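Listed below, chain by chain, are the residues.
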Amino acid sequence: MKLEIGNFYVKDIVFGSALSYDKGLLTINKDEALDFIRQDERITEAQLYIAKPGDKIRLCPVKEAIEPRIRLNGKGSFPGYTSNLDKAGEGISYALKNCSVLVVGRHWGGFQDGLIDMSGEGQKYTLFGSLNNIVLVADTDEVFEQREQQKKNDALRRAGHRLAEFIAQCVKNLTPEDREVFELEAVIKRNPEIEKLPSVVYVMQPQSQMEEIGYNDLVYGWDMNRMLPTFMHPNEVLDGALVSGSFMPVSSKWSTYDFQNCPNIKALYKEHGKTINFLGVIMSNLNVALEQKERAALFVAQIAKTLGAEAAIVAEEGYGNPDADFIACCVALEDAGIKTVGVTNECTGRDGQSQPLVTLDVKCDAIVSCGNVSELIELPPMETVLGELESLGRDGLSGGWADDEILGPSVRKDGSIIMENNSMFCGDMVCGWSPKTMKEF
Amino acid sequence: MKKAVVYINQFFGQIGGEDKADFAPVFKKEKIGPALEFAKNLNAEIIGTVICGDNYMGSNADKAVDEIIELLEGKEFDIFLAGPAFQAGRYGVACGTICKAIKAKYNIPVITSMNVENPGVEMFKKDMYILKGGNIASKMRADVAAMIKLANKILNNEEIGSAQDEGYFGRGIRRQVWREDLKPASERMIEMLLKKIRGEAFETELPIPEPDRVPIAPPIKDLSKARIAILDTGGIVPVDNPDKIQSASATRWGRYNIENIDSLKSGVYKTIHAGFDPAAADADPNVVVPIDVLKTLNKEGVYGSLHPYFYTTVGTGTTQAEAMRMANEMIPYLKEDNVDGVIMVST
Amino acid sequence: MVKEVEKAGIPIVQMCNLIPVAKTVGSNRIVPTISIPYPLGDPATPKETQWKLRYSRTKTALLSLTADITEQTVFPV
C-alpha cells in the first residue's frame with residue numbers, strides 16, 4: 001500500500017476575498033466558509049478566527065483539531081465519517097502543514113474539552129500552541145446535552161472535519177512543496193534484507209469506553225467500542241480512517257490531527273528497513289469491563305504472535321481504568337515472548353505521590369512516560385479569549401472546578417486560571433509529540 | 001546573609017568514639033568538624049553546631065529532639081544541615097529524626113546525606129532531601145560539597161531538579177518535566193525499543209514501584225451478629241449532592257442515612273462520578289450501592305445489622321493521600337458504631 | 001481507602017470489576033463485579049436477573065468477611 005502526501009507549509013493565514021494558497025499564505029473567505037458550515041442546520045451560531053503562535057489568545061472549550069487535507073481523487077478525507085465509506089491509506093492527498101482547524105464551543109464545554117494558549121507560559125502545554133490555527137467558534141441546537149458533563153459534540157466535530165476538507169480545496173491544483181511517501185509491502189512479500197531485521201508491530205488503544213454510540217473514536221465511521229482488535233496498515237491511520245472522539249479527560253486525547261500525523265507511526269516508518277521490519281498496526285481499543293479488556297489483550301497478543309512480531313509498541317489514549325487495558329496488553333505481549341515498549345501518561349495526583357497507573361506489573365519494564373494529568377497549572381490572564389473561559393470551571397471540564405477550598409475557582413475574575421493538566425487540549429501527546437517526561441523528585 | 005545550623009554526632013563533633021555515644025546534645029557557637037567544611041562554600045552563615053551522641057538519639061529520640069529544639073530556642077536560621085552520615089546506621093537514623101523534627105517545627109529546608117545502604121534512607125527519604133553519599137568518612141569532602149550545592153540552590157530560591165539530576169534519593173514525588181533536549185516520545189520509544197530488542201541496557205521512564213501491603217484484618221467470627229457498613233467510590237449521592245462531592249479528583253465525601261429506606265430510588269439518588277457512563281447508576285443506584293439486597297439479606301438473618309449510613313466519594317483522579325485522609329475521617333464513625341466488617345464497592 | 005480500613009483492624013471486602021487494580025492497590029479480599037458503570041446489575045437484563053446477581057454477589061462479599069485468609073484472595077462468584 002502506497003500513500004503519498006503532498007505538503008504545503010502554511011506560514012500565515014488571513015481572511016480575504018477568495019479561498020486561496022500562495023507561497024505559504026493561506027487566504028480564507030470568511031463568509032463563504034461560514035455559509036458552508038451553516039449548511040448543517042444544527043449550527044446556530046458560528047464565527048471564524050485565526051490563532052497563530054505568539055498571539056495573545058486563549059481558546060476554551062476546545063473540542064477537536066483537524067489537519068486540512070484533500071484527496072486528489074475527489075473523495076472525502078474521512079471515509080465513513082464525512083463521506084461515503086471508501087478505502088483510506090493509498091493514493092495521493094494534499095495537506096496544509098503547520099496548520100490545523102480547531103473547533104471551540106461558543107458557550108458550552110464538557111468533561112472531554114480543553115484549553116489552548118497561543119503565547120506565554122501556557123503555550124508549551126499543547127502542540128496546537130505552536131501551529132497556525134483556523135478557529136471555528138460555534139454553538140448548536142443540541143440543547144439535550146448543553147448541560148450534560150459528557151457531550152458528543154457531534155455537530156461541532158463534524159463541522160470541523162468538513163471545514164478542514166473545505167479549506168484544503170485551495171491546494172488541489174497546486175504543486176506541493178514536498179512529498180512524503182508511506183509505503184509498506186505486504187507482510188509476507190518483503191525483501192529478504194528487511195526480513196532479517198527484528199519485526200515490530202504498533203499497537204494502538206484509541207479511546208472507546210463509552211457504551212453509548214456517538215462519543216468514541218471512529219474507525220471508518222465505526223464506533224470503536226463495538227470492535228475487537230484487528231490488523232491495519234499504518235497508512236490507514238495517517239490517511240483519515242481514524243476520527244477522534246469526545247470522551248476522556250482531554251490531555252490524554254488523540255485528536256484527528258494526531259492520528260493524521262501520528263509521530264509514533266512516522267518514527268517506526270523511519271526505522272523500517274534500517275533497524276526494524278515494521279509489520280503494521282494492531283488496532284485495539286479501550287474497554288470498560290475486565291473481560292473485555294482481557295479479551296482485547298488476548299486478540300492483540302495472538303495477532304502479533306501470528307504475524308511473527310518480535311517486538312511491539314503499545315500506546316493508550318487515556319488514563320485511569322484504561323491503564324488496566326494498557327498493562328494487560330503489554331503483559332500479554334511479553335508473555336507471548338514479544339519484547340514490548342509502552343507509551344503512556346501518568347496520574348500521580350496533585351501531590352505527585354499517587355500510584356502512577358492504576359494497575360502495574362513488573363513485566364512492563366520499558367515505558368515511555370509523557371506527562372502527569374494531575375499537574376497543577378496556573379496561568380495569567382490572556383488578552384483575547386475565544387469561546388467562553390467560564391466553561392473551564394462551570395461545565396465539568398476534567399481539569400477545572402467551580403470552586404475549591406484551598407485553590408479557589410479555576411477561572412478567576414481577572415481572567416487568570418488554575419487548572420489540572422487534565423484539561424490541556426491533547427497535552428500529553430502519547431501519540432508521540434511529547435517533549436515531556438516524568439521524573440521523581 | 002542567611003543562616004544555617006549543622007548537626008553532627010559525637011564522633012564528628014570530636015567528643016569521642018563509641019564510648020561517648022550516650023553524649024547528650026549540646027549547641028556550640030563554633031564550627032566543628034564537617035561544619036568547617038560546609039562553611040567554605042555555603043551561601044549562609046553557620047551560626048553553630050549541634051552535637052549529639054548517636055545512642056542518646058537512638059534510645060531517647062523524643063527526649064533528644066526536645067532538648068535540641070530547646071537548645072535552638074530563640075536562634076534564627078534558614079536551613080538545617082545534618083551529617084553526612086555515610087553508612088553509619090545509627091548516625092543516619094539520627095540525622096533523619098532530627099531533620100524531620102526541625103522541618104515540622106520550623107518549616108525550613110533540611111538536608112542530609114547518607115549512603116544507599118544506610119537504613120535511614122528507607123526510613124526518611126520521603127520526608128526530606130537525602131543526598132546519595134559515600135560509604136565511608138573519607139568521602140566527606142565530596143558529600144559535603146554535594147550538600148552545599150543543593151543547599152545553595154535552595155537558599156538562592158533556584159528550582160530544584162529531579163532526584164536523578166540533583167543526586168538525592170527520590171521522595172516518591174513524580175512530576176512532569178520538559179526534557180532539556182525536547183526529544184519527542186516517538187524518538188525515545190524507538191531508542192528504548194532498539195535497546196530492548198538488542199538486549200542492551202535501557203532505562204524505563206516509569207520504574208514499577210514495589211507493592212505496598214497491609215496486614216490482613218482478622219475475619220468476622222459470627223456473621224449473624226455482625227454489624228456491616230457499606231462504602232462506595234462510585235459517587236452515589238442524594239440528587240442535590242449536599243456535600244458537593246467533586247466528580248473527579250475528589251477531596252470531599254458524604255454519608256447518607258439509610259435506616260428507613262429499603263432501596264436507593266432513582267430520582268432520589270444518582271451518581272456524580274464523571275469517569276463512566278452514568279445512565280445505569282442513575283436509573284437504579286442499587287447497582288452501585290446494593291442497599292436493596294443488603295436489607296433483604298439482613299431480614300434473612302445472613303448478617304446481624306446494617307450501619308445506618310452509607311459512605312460515598314469519587315475514585316477517579318483522587319490522590320492516595322486524599323483517599324487516605326477521607327478514609328480516616330470515616331473510620332471513627334464506623335468504630336463508634338462498632339462496625340465489624342465493611343463492603344467497599346468500587347467502579 | 002480499603003487499606004486504611006483494614007489497617008484500623010476492620011475486615012473489608014472490595015467489590016469491583018477491575019481485579020488487577022484491586023490487586024495492585026493491595027486489597028486483601030476481592031469479590032468481582034460485572035462492570036464499572038453497573039457493578040451489580042446489567043441494565044440490559046430484566047430487573048429480576050439484576051436483583052439475583054446483586055443478591056448473590058453481595059452475599060459472597062458478606063461471607064468473604066468471615067474467611068480466614070492468609071493472602072490476597074479473589075472470591076469466586
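Every value quoted in this text rests on a predicted model; they were computed, and no experiment measured them. (Residues numbered from 1 in each chain as written. Chains lettered and ligands numbered in written order. Predicted model: local features only at pLDDT ≥ 70, side-chain atom pairs only at ≥ 80, totals over all residues. Heavy atoms only, no water.)

Here we take up the sheet that holds strand β14 (residues 218–219) of chain A. Residue and element names in this part refer to chain A. One open sheet accounts for three strands, arranged β15-β14-β17; its pairing is antiparallel. For this open sheet the edge positions go to β15 (222–223) and β17 (242–243), each flanked by a neighbour on one side alone. Of the strand pairs in this sheet, β14 and β17 are connected by two bridges, and their pairing is antiparallel. Across the sheet, residue Val219 finds its bridge partner in β17, namely Leu242. (Pairing = 2+ DSSP bridges. Helix = DSSP H or I, 4+ residues; strand = E, 2+ residues; numbered from the N terminus.)

Below, the discussion takes up the layout of surface pockets. Volume-wise, the second largest pocket comes out at about 1000 Å³. Taken together, 44 residues form the lining of the second largest pocket, with Gln149, Asp395 and Gly396 of chain A together with Ser247 and Ile272 of chain B sitting closest to its centre. When residues of the lining of the second largest pocket are traced back to their parent elements, those giving at least two are α9 (391–394) of chain A together with β11 (269–271) and α9 (279–283) of chain B. (1 Å grid on protein atoms, 1.4 Å probe; cavity = no way out; pocket = protein on both sides within 12 Å on 5 of 7 lines; lining within 4 Å. Points joined across faces, edges and corners; volume = space filled by probe spheres on them.)

With 62 residues, the main nonpolar core has Tyr7 and Phe80 of chain B as its most contacted residues. Tallying contributions element by element places helix α6 (residues 140–155) of chain B first for this core, with eight residues. Excluding its chain neighbours within four sequence positions, the residues that come into contact with Tyr7 of chain B are Val50, Cys52, Met57, Ile68, Phe80, Leu81, Ala82, Gly83, Tyr91, Ala94, Cys95 and Ile98 of chain B. Of all hydrophobic cores here, the second largest spans 53 residues; its members include Ile220, Val287 and Val293 of chain B together with Val31 of chain C. (Core = buried A, V, L, I, M, F, W, Y, C linked by side-chain atoms within 4.5 Å. Buried < 20%, exposed > 50% of the residue type's maximum accessible area, 1.4 Å probe, protein only. Contact = heavy atoms within 4.5 Å.)

We now examine helix α1 (residues 34–41) of chain B. Along an α-helix, a turn takes 3.6 residues, which lines up residues three or four apart on a common side. All names here are of chain B. Of all the positions in α1, only Pro34, Ala35, Glu37 and Phe38 are classed as buried. Buried residues of α1, seen end-on, are gathered within an arc of 155° and therefore sit on one face of the element. The elements touched by buried residues of α1 are β1 (3–9), β3 (45–52), β4 (79–82) and α6. (Arc of directions from axis to C-beta.)

The next thing to look at is the packing of aromatic side chains. Under the counting rule described, the total for this entry stands at 21 aromatic pairs over all chains. An angle of 85° between the planes, with centres 5.1 Å apart, marks the rings of Phe11 of chain B and Phe12 of chain B as edge-to-face. Taking the relative accessible area as the measure of exposure, Phe12 of chain B reaches 14% and is therefore buried. Here the aromatic cluster, defined as three or more aromatic residues joined through ring pairs, consists of Phe128, Tyr257, Phe425 and Trp433 of chain A. The ring of Phe15 of chain A is capped by Lys30 of chain A, whose NZ or CZ atom sits 4.8 Å from the centre of that ring. Taking the ring centre of Trp401 of chain A as reference, the NZ or CZ of Arg350 of chain A above it sits at 4.6 Å. (Phe/Tyr/Trp six-rings, centres within 6.5 Å; stacked < 30°, edge-to-face > 60°. Lys NZ or Arg CZ within 6 Å of the ring centre and 35° of its normal.)

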